[in-house]
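Residue-level structural notes
These are the residues of each chain, in order.
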There are 2 protein chains.
Amino acid sequence: MNQAEVDPTQLLKGVLDLAVLAVLAEADSYGYDVVRRLRENGLDHVGDASVYGTLRRLYQAGALNSYVVPSDEGPHRKYYGLNNRGRKALDQSAQTWVSLSKALNHLLNGRSNGHGK
Amino acid sequence: MNQAEVDPTQLLKGVLDLAVLAVLAEADSYGYDVVRRLRENGLDHVGDASVYGTLRRLYQAGALNSYVVPSDEGPHRKYYGLNNRGRKALDQSAQTWVSLSKALNHLLNGRSNGHGK
DNA sequence: AGTGCAACACCGCATTGCAGAGTAGTGAAA
DNA sequence: TTTCACTACTCTGCAATGCGGTGTTGCACT
């Protein structure tokens, strides 16, 4: 059961996975920074613990690889980056997300349209 | 704490609430039918128990009113419909949803655009 | 009539994700 | 030294999802 793929049912509550994956796709980074970037991008209320948890989960699922970069200006930083598996997972999750988002948006706008399909 | 309003953190996993609310906004209906409609609209993997649970939760939160319609073709049907509170909740949730969805979509497309306005 | 099935409602349990709070360690500023 | 901004991580509680099961009421078959 260490598939990196998300099963659709999980996406309902696992939007964070997708977000983290997306951020990591732009550039490798470490937990603290991921949180910062997520918040800068509109996900302002994500708890850091959630992100760390997500990171760990993703890592254990084999979607990420990580390496420690010692810093001379503070504690070490544990970078995470997408690997093939991760990119695939991102791709798939993104797709699922798009359908979900489309379905939802359709539902939300559906009251003003004249004829359904 | 029985506010019908969703706090943003909940939306991450509570997309179902919004979906159910939206379906109910189109027309009153009963659990079994809600599931059917949800599935027809792309939310194909929602479990019926989840929907019943959501319905009950929403009802207890005061967002829905319900009435039983005896059916001559089977057991009675327990209809649910939005009340003012429900509409407000839908409205608010929808808004939160839109921001979230925007943020996510931005993240997902962010790699190919030069500068977001 | 009896059996079985489909439509319908609902519950309990286990799993899992998310968040809050707390621990810990480093380097720089006060 | 105390404090603070960074950085990582753990424990724990809560709430939501889903599965499987239970029960009911008609209808179609046999």
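Residues numbered from 1 in each chain as written. Chains lettered and ligands numbered in written order. Predicted model: local features only at pLDDT ≥ 70, side-chain atom pairs only at ≥ 80, totals over all residues. Heavy atoms only, no water.

In this section: helix α2 (residues 15-26) of chain B. Residues and elements named next belong to chain B. With 12 residues, α2 ought to run about 16 Å at 1.5 Å a step, and its terminal C-alpha atoms sit 17 Å apart, in line with that. In terms of burial, α2 is largely enclosed, as 11 of its 12 residues are buried. Among the residues of α2, those classed as buried are Val15, Leu16, Asp17, Leu18, Ala19, Val20, Leu21, Ala22, Val23, Leu24 and Ala25. (Helix = DSSP H or I, 4+ residues; strand = E, 2+ residues; numbered from the N terminus. Expected span 1.5 Å × (residues − 1). Buried < 20%, exposed > 50% of the residue type's maximum accessible area, 1.4 Å probe, protein only.)

The next point concerns the sheet that holds strand β1 (residues 29-30) of chain A. Residue and element names in this part refer to chain A. Pairing in this open sheet of three strands is antiparallel, and the strands run β1-β3-β2 from one edge to the other. Either end of the sheet is taken by a strand with one partner, and the two such strands are β1 and β2 (64-69). Strand direction decides the pairing type here: β2 and strand β3 (residues 77-82), joined by six bridges, are antiparallel. When the sheet's bridge partners are listed, Tyr67 is paired in β3 with Tyr79. (Pairing = 2+ DSSP bridges.)

Around DNA strand C there are 30 residues in total, and Lys13(A), Ser50(A), Pro75(A), Arg77(B) and Lys78(B) lie nearest to it. A share of 65% of the atoms of DNA strand C within 4 Å of the protein falls on sugar and phosphate groups. One nitrogen or oxygen atom from the side chain of Ser50(A) is found 2.6 Å from a phosphate oxygen belonging to DNA strand C. The separation between a phosphate oxygen of DNA strand C and a polar side-chain atom of Tyr30(B) is 3.1 Å. Listing elements by their share of the surface near DNA strand C, those giving two or more residues are α4 (48-60) of chain A together with α3 (31-40), α4 (48-60) and β3 (77-82) of chain B. Split by residue class, the surface near DNA strand C holds 10 nonpolar, 10 polar and 10 charged. (Near = heavy atom within 4 Å. Polar contact = N/O pair within 3.5 Å; in protein donor to acceptor, adjacent residues only side chain to side chain. Nonpolar A, V, L, I, M, F, W, Y, C, P; charged D, E, K, R; others polar.)

Attention now moves to the packing of aromatic side chains. This model, assessed by the stated rule, comprises seven aromatic pairs over all chains. The interplanar angle of 70° and the centroid separation of 5.2 Å between the aromatic rings of Tyr30(A) and Tyr79(A) together place this pair among those described as edge-to-face. Highlighted residues: Tyr30(A) in strand β1 and Tyr79(A) in strand β3, separated in sequence by 49 residues. Owing to a relative accessible area of 14%, Tyr30(A) belongs among the buried residues under this scheme. The exposure class of Tyr79(A) is buried, given its relative accessible area of 18%. Taken together, a centroid distance of 5.7 Å and an interplanar angle of 5° make the contact between Tyr67(B) and Tyr79(B) stacked. You can see Tyr67(B) sitting in strand β2 (residues 64-69) and its partner Tyr79(B) sitting in strand β3, a full 12 residues away along the chain. (Phe/Tyr/Trp six-rings, centres within 6.5 Å; stacked < 30°, edge-to-face > 60°.)

Let's shift gears to α4(B). Residue and element names in this part refer to chain B. When the terminal C-alpha atoms of α4 are compared, their 18 Å separation across 13 residues agrees well with the 18 Å that a helix rising 1.5 Å per residue should span. Looking only at α4, the buried set comprises Val51, Gly53, Thr54, Leu55 and Leu58. Packing partners of the buried residues in α4 comprise α2, α3, β2 and β3. The first or second residue beyond α4 is Gly62, which carries a positive phi of 85°. (Contact = heavy atoms within 4.5 Å.)

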